[in-house]
Amino acid sequence: MSKITETARTTASILMEIEAVLFRPEDPFTFTSGRISPVYVDCRKIISFPRARAKLMDMAVELIQRDIGYESIDAIAGGETAGIPFAAMIAERMGLPMLYVRKKPKGFGRDAQIEGYMADGSRVLLVEDLATDGGSKLNFVEAIRNAGGKCDHTFVFFHYGIYPQSVTDLAKEGVTLHALATWWDALKVAEEKGYLENDNLVTVRSFLSKPNEWSKDRGGKAD
Ligand SMILES: O=P(O)(O)OC[C@H]1O[C@H](OP(=O)(O)OP(=O)(O)O)[C@H](O)[C@@H]1O
Ligand SMILES: O=C(O)c1cc(=O)[nH]c(=O)[nH]1
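Residues numbered from 1 in each chain as written. Chains lettered and ligands numbered in written order. Predicted model: local features only at pLDDT ≥ 70, side-chain atom pairs only at ≥ 80, totals over all residues. Heavy atoms only, no water.

Caption draft 1: Structural context of the UniProt feature "binding site: 5-phospho-alpha-D-ribose 1-diphosphate" (unreviewed entry) in the protein chain. Following the UniProt record, one finds the feature "binding site: 5-phospho-alpha-D-ribose 1-diphosphate" (unreviewed entry) at R102, K103, K106, E128, D129, L130, A131, T132, D133, G134, G135 and S136. An extended arrangement is adopted by the annotated residues: their sequence extent is 35 residues, and the largest C-alpha distance between any two is 25.1 Å. Note on placement: D129 falls in strand β8 (residues 123-131). In this structure D129 comes out as buried when scored by relative accessible area, which is 7%. The residues contacting D129, other than those within four sequence positions of it, are C43, R44, A82, G83, F86, V156, F157 and F158. The residue S136 is located in helix α4 (residues 135-146) in this model. Setting aside its immediate chain neighbours within four residues, S136 contacts T32 and E128. (UniProt positions renumbered as here; feature names shortened; annotations may be inferred. Helix = DSSP H or I, 4+ residues; strand = E, 2+ residues; numbered from the N terminus. Buried < 20%, exposed > 50% of the residue type's maximum accessible area, 1.4 Å probe, protein only. Contact = heavy atoms within 4.5 Å.)

Caption draft 2: A look at the site of ligand 2. Around ligand 2, the neighbouring residues are F31, T32, Y40, V41, R44, L130, T132 and Y160. Contact between ligand 2 and V41: a nitrogen atom at 2.8 Å from a main-chain N or O atom of the residue. At 3.1 Å, a side-chain N or O of T132 approaches an oxygen atom of ligand 2. When its residues are assigned to classes, the shell around ligand 2 shows five nonpolar, two polar and one charged. (Near = heavy atom within 4 Å. Polar contact = N/O pair within 3.5 Å; in protein donor to acceptor, adjacent residues only side chain to side chain. Nonpolar A, V, L, I, M, F, W, Y, C, P; charged D, E, K, R; others polar.)

Caption draft 3: Seen up close, the environment of G78. For G78, the location among the structural elements is in strand β5 (residues 75-79). Counting along the chain gives 83 residues from G78 to G161, while the straight-line C-alpha distance between them is 21 Å. Setting aside residues up to four positions removed in sequence, G78 forms contacts with G83, I84, A87, L99, Y100, V101 and V127.

Caption draft 4: Quick look at the pattern of salt bridges. For the structure on display, the rule yields 17 salt bridges. For D27, the salt bridge goes to R24, with nearest N and O atoms at 3.6 Å. The partner of D74 in a salt bridge is R123, and the shortest N-O contact between them spans 2.9 Å. Taken together, the positions of D74 in the loop between α2 (50-67) and β5 and R123 in strand β8 put the pair 49 residues apart, joining distant regions of the chain. Residue D74 is classed as partly exposed on the basis of its relative accessible area of 28%. Via salt bridges that share partners, E6, R9, K188 and E192 belong to a single interconnected network. (Salt bridge = Lys/Arg side-chain N within 4 Å of Asp/Glu carboxyl O.)

Caption draft 5: View of unusual backbone geometry. Omega for the bond connecting E80 with T81 falls within 30 degrees of zero, at -5°, which places this linkage in the cis form. In this structure, E19 is a non-glycine residue whose phi angle is positive, near 55°. Positive phi values are uncommon outside glycine, yet D111 reaches one of about 55°. Position of D111 relative to the elements: it lies in the loop between β6 (98-101) and β7 (114-115). Judged by its relative accessible area of 40%, D111 is partly exposed.

As structure tokens, this is what we get:
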């Protein structure tokens with residue numbers, strides 16, 4: 001297991017402290033992709049914890065400026081739904097315009113998929129709460145590009161880090177995924193803090209090592 005950074009440790013600790021990291025092997029979770037999992041990370045809870053929220057936003061901005069740049073982004077776009085409040089907080093901290101991207105066009109009115117004002121050719125950072133296999137990111141990036149924006153980067157607080165396509169499929173589209181922490185970091189912190197009992201750690205580790213098999217055995221998506 002690679003060395004954990006302070007940022008990853010703090011992120012994983014906060015997510016456990018606010019009980020955003022859920023473990024339910026006996027009644028597994030179904031992801032938006034159709035994958036089945038014994039764990040679920042509910043980053044939406046972050047909005048309700050002001051001190052934890054402020055620390056996570058500070059770390060997000062620090063990572064974005066360090067890895068993407070100080071003057072390389074023109075707007076911050078939140079992905080519907082969970083990404084929207086985080087995009088607002090990050091845009092505010094960075095002094096940048098904010099947008100949000102719908103999962104699909106509204107269907108009436110302006111029939112827009114991008115909401116807010118996006119100047120043609122804007123360099124847009126897509127902000128989301130979390131990435132599993134990255135499928136939602138591809139959809140949001142396509143919408144930004146179809147509306148005339150450029151999108152080469154997406155930021156999430158938590159990246160599962162167990163589905164290779166979350167990196168490779170985005171890279172094929174010229175998009176880099178940035179995250180504060182992965183499940184490998186969370187596993188280490190869970191072990192250190194005793195967040196999960198030993199038997200449960202074994203289950204999580206076996207899922208993280210073979211997520212497709214875990215899902216397939218329970219009738220979920222597995223590719
Ligand atoms: O597909 P990935 O890019 O790996 O990311 C997983 C997506 O699943 C969740 O959203 P969900 O579809 O549950 O919608 P919500 O934000 O409206 O809750 C989460 O907010 C991510 O957008
Ligand atoms: O892929 C998903 O649907 C998903 C996984 C997860 O752990 N948390 C979440 O909010 N969505």
